[in-house]
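A structural walkthrough
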Amino acid sequence: MTSFEAILIIARLTLREAFRRRLLWVLVGLTVLIVGLTWWAFSRIAEATPVTGAVQILGVSQVTVMLAFMFSFVLAMTAVFAGAPAIGPDIENGLLLAILARPIRRAEVMLGRWLGLAAVLVVYALAAGYLELAAVVLATGYSPVEPLTAPLYLAGESLILLTLAIVLSTRIASVAGGAMAVVGYGLAWMAGVMGGVGEAFNNEVLRGAGILARLILPSDVLWRGCAGALSPTESVLRGGGIAEPALYKFSPFSGAPPSLLWLAWCAAWIAGAMAIGILLLRRREL
Amino acid sequence: MAAAGGADCAAIETHELRKEFGRIVALAGLTMTAPRGEVFGFLGPNGAGKTTAVKLLLGLSQPTAGHGRVLGAPLGDVGTRRRIGYLPELFRYQGWMTAREVLALHCELARLPRAECAAEIGSVLDLVGLAGRAEDRTETFSKGMQQRLGLAVALLGRPDLVVLDEPTSALDPVGRQDVRAIIAALRDRGTTVFLNSHLLTEVERVCDRVAIVDRGRVVAELSMAELTRESGVGIRVTGPGGVPLDVASRYGPTRVDGEWLFVDGIAEAEVPALVGELVARGGAIHAVVPTRQTLEERFMSLLGTPPEVPDDETALAGHEAEA
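Residues numbered from 1 in each chain as written. Chains lettered and ligands numbered in written order. Predicted model: local features only at pLDDT ≥ 70, side-chain atom pairs only at ≥ 80, totals over all residues. Heavy atoms only, no water.

**With respect to the overall build of chain A**
- Of regular secondary structure, chain A possesses 12 helices and zero strands.
- Helices and strands appear in chain A in the N-to-C order α-α-α-α-α-α-α-α-α-α-α-α.
- Computed over its C-alpha atoms, the radius of gyration of chain A comes to 21 Å, within 12% of the 19 Å expected for a compact globule of 286 residues.
- Among the 286 residues that make up chain A, the fraction classed as buried is 52%.
- When the accessible surface of chain A is totalled, it reaches about 12,800 Å², and 74% of it is carbon and sulfur.
- Computed over 19 positive and 15 negative side-chain charges, the separation of the two mean positions in chain A equals 10 Å. (Helix = DSSP H or I, 4+ residues; strand = E, 2+ residues; numbered from the N terminus. Rg over C-alpha atoms; globule rule 2.2 N^0.38 Å. Buried < 20%, exposed > 50% of the residue type's maximum accessible area, 1.4 Å probe, protein only. Areas by Shrake-Rupley, 256 points an atom, 1.4 Å probe, with all protein chains shown as cover. Lys, Arg positive; Asp, Glu negative; His and termini not counted. Charge placed at Lys NZ, Arg CZ, Asp CG, Glu CD.)

Next comes the structure, spelled out in C-alpha cells:
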C-alpha cells in the first residue's frame with residue numbers, strides 16, 4: 001500500500017532541492033522581469049499605435065495570445081528540464097540506492113518527485129500567468145474573455161509535460177529524455193495546428209490526425225484552452241475588420257475551451273502515464 | 001530499536017537464491033545463514049555476485065528464483081527495512097545538503113520518532129568522527145568522509161541488522177581502525193553486521209563467521225574459530241643432517257621453507273614432543289612459533305586458483321600491506 005507520508009517526504013525533499021538550487025529564485029526573478037517588460041511593452045502599444053478603437057483592441061488581444069504562447073513554451077521547457085533528470089541520475093549515482101533501502105517504495109519516490117516538481121510548476125504558472133495578465137489589463141485596459149482560466153490551462157499543460165519527462169527519466173538518459181519530451185511538445189502543437197486547419201476546412205483526415213495526436217499527448221488540448229480563454233470575441237474580430245470570424249480557427253494562436261471529456265482525458269493521461277512510469281521504475285535494476 | 005517478531009531466527013537466511021540478468025547468471029543459487037548478533041563476513045572475487053546478493057537481501061532487486069528471510073521477514077518486506085541500516089558500495093548523498101540534513105532526511109525515511117532524531121544524529125556523527133563537519137555540504141566531502149557519512153546513515157536508529165558493502169574502501173588506516181571499533185561496538189550491543197569486503201585482513205579481524213562466495217554460490221561457510229582451529233607450528237631448525245622431515249611428518253603435513261619447518265594440523269600439546277625429537281636427532285632449535293591458516297590462504301585454496309579478476313589482486317595486495 002502506498003504511504004502518503006512517504007510521498008510527502010520525497011515531495012518536500014524535491015521542493016527543498018528546487019529552493020537550494022535556486023530554481024525558485026530564478027523563476028521569481030524571470031517572472032518579475034517578464035511582467036515588467038510586458039507592462040512596458042503594452043503601455044507603449046497603447047500610447048504609440050496609430051490605430052485606435054476596435055483595431056487596437058484586436059491587436060492587443062493577438063499580442064496577448066502570443067505572449068501566452070511564449071509563456072506556455074517557457075513553462076513547457078521548465079517542466080521538461082525539471083522532470084528529465086528527476087529519476088535517472090539518482091539511480092546512476094547511487095542516490096536512490098540509499099533512499100530505497102529505507103521503508104519506502106519506488107512508486108512513492110516517483111509520486112513524491114512528481115508532486116514536488118508539480119507544486120513548483122503550478123505555483124509558477126499561476127503566479128506568473130496572473131501577474132502578466134494583470135500587467136496587460138493595467139497597461140491597456142483590455143481584458144481577455146476568460147483571464148482567470150487561462151493560467152490554469154497553462155499549469156495543466158506544464159503538468160502533462162512534466163509527467164512525460166519524469167516517465168521518460170525512469171529509463172532514458174536525461175538529455176535524450178528531455179529532447180524527446182521537447183520534440184513531443186512541438187509535434188503535439190503542430191498536430192493541433194493541423195487539426196485546426198482540418199476543423200476550419202472540414203478535412204476529416206487532418207481533423208482525425210489532430211484528435212489522435214491529442215490523445216497520444218494532450219498538451220495541445222490545454223494550450224488551445226488557454227488560447228481560447230484569451231482569444232478576442234467575435235464582435236472584436238468583426239470590429240477589427242475580420243469578415244469571417246469562423247476562419248480564425250485556422251490561426252495557430254486560436255482556440256476554444258476544451259470539453260469536460262478532454263479535460264478528463266488529460267487527467268487520465270497523467271494518471272496512466274505515471275502508472276506506466278512506476279511500472280518501468282519497478283522493473284529497473286538498480 | 002528492539003528486535004521485533006522472529007527474534008530467535010537467523011538474521012539472514014537464503015535458500016538457492018538465484019538472479020539472472022538476461023543471459024548472465026549473477027547468482028547461481030545462494031544458500032547461507034547469518035546468525036543474529038554476529039559479524040558475518042561475505043567474501044568473494046569480483047563478479048562473484050556479492051553486491052547482487054546484498055541488493056536481493058535489501059529488496060532492492062527481485063530474485064529470479066529461490067527465497068530467503070531477513071530478520072524473520074521475506075525478502076523485500078518494506079516494513080523490515082526500518083530495522084536495517086545499509087551502507088552501499090557505490091553511493092552518493094545530496095550534495096546540496098549538509099551532513100546533518102542528510103541524516104535528518106534518513107531519520108524521516110526510517111520513520112524514527114521526531115523527538116529522538118536530534119540526539120540520534122549527534123550520536124552517530126560523534127561515532128564516525130564527523131561532528132565537526134556536520135554543517136558542511138556533502139559535496140565538499142572527500143571520498144573517505146562520504147564513507148564515514150554513509151556509515152553514520154547506516155547506524156541511525158540502532159538497527160537490528162547493519163549491512164556494510166565495502167565500508168573501508170575509501171578510508172585511510174585510521175579510518176579503518178575506527179570502522180573496526182564501530183563494528184565491534186555494534187556486536188557488543190547485539191547488532192548483526194553483514195560485512196561485504198574485499199579486504200581479507202579486515203574481515204579476519206572483525207568477523208565471527210564468513211561465507212566465501214564464488215560464481216554465485218557459497219563455497220564455504222565457517223566460523224573464525226573453525227578457521228583458526230586448523231593451526232600448526234613453525235620451527236626454525238638447523239643441524240648437520242638438514243631438516244629431519246621423517247620425524248616431523250608423523251605429526252602432520254610438513255613443508256620446508258629455508259631453515260623453517262612447518263607442520264600443519266599439529267595439536268598444541270604435541271609440539272614439545274616434536275621439538276624433543278628434533279633435538280634428539282641433532283637439530284638446533286632457534287625458534288618455535290604457532291602458525292594458523294590465514295583467511296587469505298583459505299580463501300585462495302577454496303577458490304582453487306588466484307582470482308581471475310585483476311581487482312582482487314589489488315585487494316589482496318592491500319591485505320599484504322596491512323599484515
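**What to know about a nonpolar patch on the surface**
Residues and elements named next belong to chain A.
- The grouping of I211, L212, L215, I216 and W265 at the surface amounts to a nonpolar patch, some 450 Å² of accessible area in total.
- Of the residues forming the nonpolar patch, the biggest block, four residues, is contributed by helix α9 (residues 204–216).
- You can see I211 is positioned in helix α9.
- Under the relative-accessibility criterion, I211 is labelled partly exposed at 39%. (Patch = residues over 30% accessible without salt bridge, like charges linked within 9 Å, V, L, I, M, F, W, Y side chains within 5 Å. Salt bridge = Lys/Arg side-chain N within 4 Å of Asp/Glu carboxyl O.)

**Thoughts on the sheet that holds strand β5 (residues 73–74) of chain B**
All names here are of chain B.
- With respect to topology, four strands assemble into an open sheet ordered β2-β1-β4-β5, the strand pairing being antiparallel. Two strands close off the open sheet at either side, each with one partner strand: β2 (24–34) and β5.
- Two elements, strand β4 (residues 65–70) and β5, share two bridges in a ladder whose sense is antiparallel. From the neighbouring strand, R69 faces β5, where its bridge partner is P74. (Pairing = 2+ DSSP bridges.)

**A closer look at the packing of helix α1 (residues 4–20) of chain A against helix α2 (residues 99–109) of chain B**
- Remark: α1 of chain A packs on α2 of chain B, axes separated minimally by 11 Å, with the N-to-C direction vectors making an angle of 160°. As the angle between them shows, α1 of chain A and α2 of chain B are arranged roughly antiparallel. Considering only the axes of α1 of chain A and α2 of chain B, their crossing is right-handed. For the pair α1 of chain A and α2 of chain B, contact is made by I9, I10, R12, L13, R16 and R20 of chain A and by E101, L105, E108 and L109 of chain B, respectively.
- Each residue belonging to the contact of α1 of chain A with α2 of chain B can be placed in one class, and the counts come to five nonpolar, no polar and five charged. (Axes fitted to C-alpha atoms, helices over the stretch in contact; angles between N-to-C directions. Parallel < 35°, antiparallel > 145°, perpendicular 65-115°, else oblique. Left-handed = near helix turned anticlockwise from the far one by under 90°. Contact = heavy atoms within 4.5 Å. Nonpolar A, V, L, I, M, F, W, Y, C, P; charged D, E, K, R; others polar.)

**Things to note about the sheet that holds strand β11 (residues 231–238) of chain B**
Residues and elements named next belong to chain B.
- Pairing is antiparallel across the open sheet formed by four strands, whose spatial order is β12-β13-β11-β14. Sheet topology places β12 (254–257) and β14 (284–292) at the edges, where each strand pairs with a single neighbour. Adjacent strand axes in the sheet meet at a mean angle of 20° when their direction is disregarded.
- Direction of pairing for β11 relative to strand β13 (residues 260–264): antiparallel, over a ladder of five bridges.

**Thoughts on the packing of α2 of chain B against helix α3 (residues 114–128) of chain B**
Residue and element names in this part refer to chain B.
- Viewed as axis vectors pointing N to C, α2 and α3 meet at an angle of 125°, and their least axial separation amounts to 10 Å. The orientation of α2 with respect to α3, classified from their angle, is oblique. Once α2 is placed against α3, the crossing between them reads as right-handed. In this structure, α2 uses R100, L103, A104 and C107 to contact α3, whose residues at the interface are C117, I121, V124 and L125.
- Split by residue class, the contact of α2 with α3 holds seven nonpolar, no polar and one charged.

**Things to note about unusual backbone geometry**
- For N202 of chain A, which is not glycine, the phi torsion reads 55° and is therefore positive.
- Unlike most non-glycine residues, R111 of chain B shows phi in positive territory, near 55°.
- Position of R111 of chain B relative to the elements: it lies in the loop between α2 and α3.
- Judged by its relative accessible area of 16%, R111 of chain B is buried.

**Considerations on the packing of aromatic side chains**
- Here the structure, examined in full by the defined rule, presents eight aromatic pairs over all chains.
- Look at W260 of chain B and F262 of chain B: their rings are 6.1 Å apart centre to centre, the planes differ by 15°, and that puts the pair in the stacked class.
- An aromatic cluster is built from F69, W189 and W223 of chain A, whose rings are joined through pairwise contacts.
- It is R255 of chain B that lies over the ring of F262 of chain B; its NZ or CZ is 4.5 Å from the centre. (Phe/Tyr/Trp six-rings, centres within 6.5 Å; stacked < 30°, edge-to-face > 60°. Lys NZ or Arg CZ within 6 Å of the ring centre and 35° of its normal.)

**Some words on the interface of chain B and chain A**
- Facing the 27 residues of chain B at the interface are 26 residues of chain A.
- Buried surface at the junction of chain B and chain A, both sides included, amounts to about 2,800 Å², of which 55% is carbon and sulfur.
- Area buried by chain B at its contact with chain A is led by W96, L109 and R111 of chain B, which between them contribute 27% of it.
- A salt bridge links E5 of chain A to R111 of chain B; the shortest N-O distance between them is 3.6 Å.
- The interface formed by chain B and chain A includes 14 residue pairs in polar contact (both at pLDDT 80 or more). (Buried area = accessible area lost by both parts, 1.4 Å probe. Polar contact = N/O pair within 3.5 Å; in protein donor to acceptor, adjacent residues only side chain to side chain.)

**What about the pattern of salt bridges?**
Residue and element names in this part refer to chain A.
- For the structure shown, the criterion picks out 26 salt bridges over all chains.
- The residue R214 makes a salt bridge to D220 at a minimum N-O spacing of 3.8 Å.
- A residue is classified by how much of its surface remains accessible, and D220, at 1% relative accessible area, is buried.
- One salt-bridge network, held together by shared partners, links E17, R21, D90 and R113.

**Digging into the side chain of E166 of chain B**
All names here are of chain B.
- Inspection of the secondary structure assignment puts E166 in the loop between β7 (161–165) and α5 (173–188).
- Although E166 lies buried, it forms no salt bridge, and the closest oppositely charged side chain, K50, sits 5.2 Å away as judged by the N-O distance.
- Each residue touching E166, except ones within four places of it in the same chain, is listed here: E89, Q147, N196, S197 and H198.

**A few points about the environment of A6 of chain A**
- Its place among the elements puts A6 of chain A in helix α1.
- When the C-alpha atoms of A6 of chain A and L154 of chain A are compared, they prove to be 29 Å apart, with 148 residues separating the residues in sequence.
- Once residues lying within four places of it in the same chain are set aside, the contact partners of A6 of chain A are I104 and E108 of chain A together with R111 of chain B.

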